[in-house]
Amino acid sequence: DGNGDGYLDDFFSVWVSTDTGRTWTRLLYDYQREPSMADNWYLIMGDSIYTSTLTPYTEILRISGGFTSSTELSSYAGNKIMLKWQIRCDENDDGGVGTGFWLDDVLIYYTVAKHNDVGVAEIGVSPANINQNVQFTVVLANYGIDNQADVQSLFRIYNSSGTVVHSGGLTPWPSINAGQRITRTITWRPTVPDTYTIKCWTGLLTDEDRSNDTLAVRFTIHSVNVFELGFDDGVTDTMLDTTGTVSWRFLGASDVAGDGVGVKFVAPSYDSLTIWKVKAYLGSMAPFDIQFYSATPSGEPGSAIGSPIPVAAPAGIERFSEYLVNRPIGRDATFFILLLNANEGQMVSLGMDRTLPHDGNSWAYVASMGGFINLSSITRYADVDLMLRVYLFTGTSVTLDEEGKVIPKFELHSNYPNPFNLGTTISFSIPQKAQTKLEIFNSLGERVATLLDEEKEAGYYAFRFSGVDKNGKPLPSGLYFYKLTSGNSQAVKSMILMK
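Residues numbered from 1 in each chain as written. Predicted model: local features only at pLDDT ≥ 70, side-chain atom pairs only at ≥ 80, totals over all residues. Heavy atoms only, no water.

1. Some thoughts on the overall build of the chain
Which entries qualify depends on this criterion: Labels follow the DSSP assignment, with helices taken as runs of H or I lasting at least four residues and strands as runs of E lasting at least two, numbered in each case from the N terminus. The buried label goes to any residue with under 20% of its type's maximum accessible area, the exposed label to any with over 50%, and the partly exposed label to all in between, with areas taken from a 1.4 Å probe on protein chains only. Throughout, a contact is declared for two residues whenever any of their heavy atoms are within 4.5 Å. All accessible-area figures derive from a Shrake-Rupley calculation using a 1.4 Å probe, and residue coverage is judged against the displayed protein chains alone.
When helices and strands are counted, the chain shows zero helices and 36 strands. A total of 499 residues make up the chain; the buried ones form 44% of that total. Sequence-distant contacts, at least 24 apart, represent 69% of the contacts inside the chain between residues at least 6 apart. Surface accessibility of the chain: about 24,600 Å² in total, with carbon and sulfur atoms responsible for 50%.

Shown next as structure tokens:
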């Protein structure tokens, strides 16, 4: 609305009529107005496109940045319809950006759906850390035209050696209507650093397309000195615009250079911490700058920390991308990371997670609105957690192998659970091949069990202690110690057996 007359100067919209043009229903448009953010109109950058790479079930009417048509022509099956394109352009070519609007080709196509076709559409992984619960969000989809009841759905988690470390069913067995997507969650607590794979699959006996039944996702659990922080579940959620006709899964601040979106983080209590990598679920191909900010005493963004880190246009979107930063921070530090638009007219956007709980740590910077804005202060975006994460590590450096994994150091971890009854897991890491021993002692210093006494390669290990002595006899309740010896290194920790 460059001339301020209350009407957008350049836009298009698509309409459908079932009564030979007497009444029309809008299907798609390329603009939005968000009064809660600013009294401005915004063009949704990138008009509707069709490419031959689209596969069946991919929405044809797609707009870059994650905006899609929320009305499909399939709802008009059996009707004679008319389509209308409404185009408004003023005489200004906006500095040579364009000289008008042409309608070149119109394509209406269909795909044939199976009656019975259920599959796994997506698996999201929450921030994943050793000795902490990791949540997996599994999205199951009914691609067929028949409703399905009690769909058997299963999962397995494998370590890098192919051993199953956790498995089960996505219970209760879901009932999924035609075209519906539902979610199930899995919780698992890893105790050994490794690269794992979670595989989920459906077992509909009458399924007519097995190609989409199974999905597998890899994820890495680092050692205890590496932390992944974030507030999303790994799956983007949709939001409808104020008219209820256009949906999107990504959020940006504006297309003004220097504006952007980001997240507030609180570092764990360690004397020396370094920001290792920033991990972003991007929804646009725009280049951006990573900028760090300190926190004010009231917990709001303060001054910028260091210079921004420029990032070229990403190679792909609608997935997590990682960016190496290596920025030291202090103990118990609260800090902000924002992705800021690098260029005028190109907006960086992040995936939106709207699943409970909402943490209130998502922020935007909009210069025209006075600067920083907490999204929880805006009713429309109060339930949004932006999909931006960060990796921290203790100390000032980490050593990586050729695959980018952290090379282990000598470290004995706290057992879990503690106190324990039926059993507990003791994990540790060693940096090199050595004779390694893991022993259990009572409060008198007497050795009551030896869990390990052999040569081990460098790596991460975990052993189960079931509360019995070397003869298999149950031990009494009390305080016990476990001692790790590897080469010339030793470490001792305590645990409590309660019966």
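2. A few points about the confidence of the model for the chain
Rules: How sure the predictor is of each residue is captured by pLDDT, a score from 0 to 100.
For the chain, mean pLDDT is 82; residues scoring 70 or higher make up 80% of the total. With pLDDT under 50 throughout, residues 35-39 is counted as low confidence; its partners more than four residues away or in other chains account for ten contacts. Contacts of residues 45-70 to residues separated by more than four positions or lying in other chains number 63 contacts, the stretch itself having pLDDT below 50.

3. Remarks on the packing of aromatic side chains
The test is simple: Classification of ring pairs rests on two measures: the distance between centres of Phe, Tyr or Trp rings, Trp counted by its six-membered ring, which must be within 6.5 Å, and the angle between planes, read as stacked under 30 degrees, edge-to-face over 60 and tilted in between.
Inspection of every chain in the model, using the stated rule, returns 17 aromatic pairs. When the centroid spacing of 6.3 Å and the interplanar angle of 80° are considered together, the rings of Trp-188 and Phe-219 count as edge-to-face. One end of the pair, Trp-188, is in strand β12 (residues 181-188); the other, Phe-219, is in strand β14 (residues 214-221), and 31 residues separate them in sequence. Note on accessibility: Trp-188 and Phe-219 belong to one class, buried. Aromatic rings pair up to connect Phe-136, Trp-188, Tyr-196 and Phe-219 into one cluster.

4. Overview of the environment of Ala-216
Within the secondary structure, Ala-216 sits in strand β14. On the basis of relative accessibility, which here comes to 45%, the residue Ala-216 falls in the partly exposed class. With residues near it in sequence (within four places) discarded, Ala-216 still touches Thr-197, Ile-198 and Lys-199.

5. Some words on unusual backbone geometry
Residues other than glycine predominantly adopt negative phi, and peptide bonds predominantly adopt the trans conformation. Cis rather than trans, the peptide bond between Leu-356 and Pro-357 has omega equal to -5°. Residue position: Pro-357 is located in the loop between β25 (350-353) and β26 (362-366). A cis amide bond links Asn-418 with the next residue in sequence, Pro-419, at an omega value of 0°. Structurally, the position occupied by Pro-419 is in the loop between β30 (411-412) and β31 (424-430). Its identity is not glycine, yet Asp-150 carries a phi of approximately 50°, on the positive side.

6. What about a nonpolar patch on the surface?
Stated precisely, the cut-off is as follows: What goes into a patch is any residue over 30% in relative accessible area without a salt bridge, connected to like charges within 9 Å or, for nonpolar side chains (Val, Leu, Ile, Met, Phe, Trp, Tyr), within 5 Å. Here, a salt bridge means any Lys or Arg side-chain nitrogen found within 4 Å of an Asp or Glu carboxyl oxygen.
Taken together, the side chains of Leu-73, Ile-81 and Ile-108 make up a nonpolar region of the molecular surface, amounting to roughly 230 Å² of accessible area. Inspection of the secondary structure assignment puts Leu-73 in the loop between β6 (67-69) and β7 (82-88). Owing to a relative accessible area of 33%, Leu-73 belongs among the partly exposed residues under this scheme.

7. Observations regarding the sheet that holds strand β13 (residues 194-202)
Stated precisely, the cut-off is as follows: Pairing between strands is defined by DSSP: at least two bridges between them are needed. Interaxial angle, 0 to 180 degrees, is taken between N-to-C directions of lines fitted to C-alpha atoms, where a helix line uses only the stretch in contact.
Spatially, the four strands line up as an open sheet ordered β11-β10-β13-β14, and their pairing is antiparallel. Two strands lie at the open edges of the sheet, namely β11 (164-169) and β14, each paired on one side alone. Each strand axis lies, on average, 15° off the axis of its neighbour in the sheet, ignoring direction. Both strand β10 (residues 153-158) and β13 contribute to a ladder of six bridges, which runs antiparallel. Of the residues in β13, the one forming a bridge with Phe-155 is Cys-200.

8. Section: the pairing of strand β20 (residues 273-282)
Within β20, ten of the ten residues are buried, leaving the element largely enclosed by the surrounding structure. Here β20 pairs with strand β29 (residues 388-394) via seven bridges, running antiparallel. Bridging from a neighbouring strand, Lys-279 pairs with Arg-389 of β29. The pairing of β20 with strand β23 (residues 319-329) spans nine bridges and is classified as antiparallel.

9. Focus on the sheet that holds strand β2 (residues 25-29)
Judged by pairing direction, the sheet is antiparallel, and its three strands sit side by side in the order β2-β1-β7 without closing on themselves. Each edge of the sheet is formed by a strand with only one pairing partner; in this case those strands are β2 and β7. The average undirected angle you get between the axes of adjacent strands in this sheet is 25°. The sheet contact formed by strand β1 (residues 11-17) and β2 spans four bridges and is antiparallel. Across the sheet, Ser-13 pairs through a bridge with Tyr-29, a residue of β2.

10. Here's the deal with the nonpolar core
The cut-off we apply is this: Nine residue types can take part in a nonpolar core, namely buried Ala, Val, Leu, Ile, Met, Phe, Trp, Tyr and Cys, and a core is a set of them joined through side-chain atoms within 4.5 Å.
Counting residues in each nonpolar core, the largest one holds 41 residues, and the members touching the most others are Ile-290, Phe-335, Ile-337, Leu-339, Leu-386 and Leu-392. Per-element tally for this core: the top contributor is β20, with five residues. Those residues in contact with Phe-335, other than ones at most four positions away along the chain, are Val-263, Lys-264, Phe-265, Ala-267, Ile-275, Tyr-293, Ile-329, Val-390 and Leu-392. In terms of nonpolar packing, the next biggest core, distinct from the first, is built from 27 residues, Val-138, Val-151, Ile-157 and Cys-200 among them.

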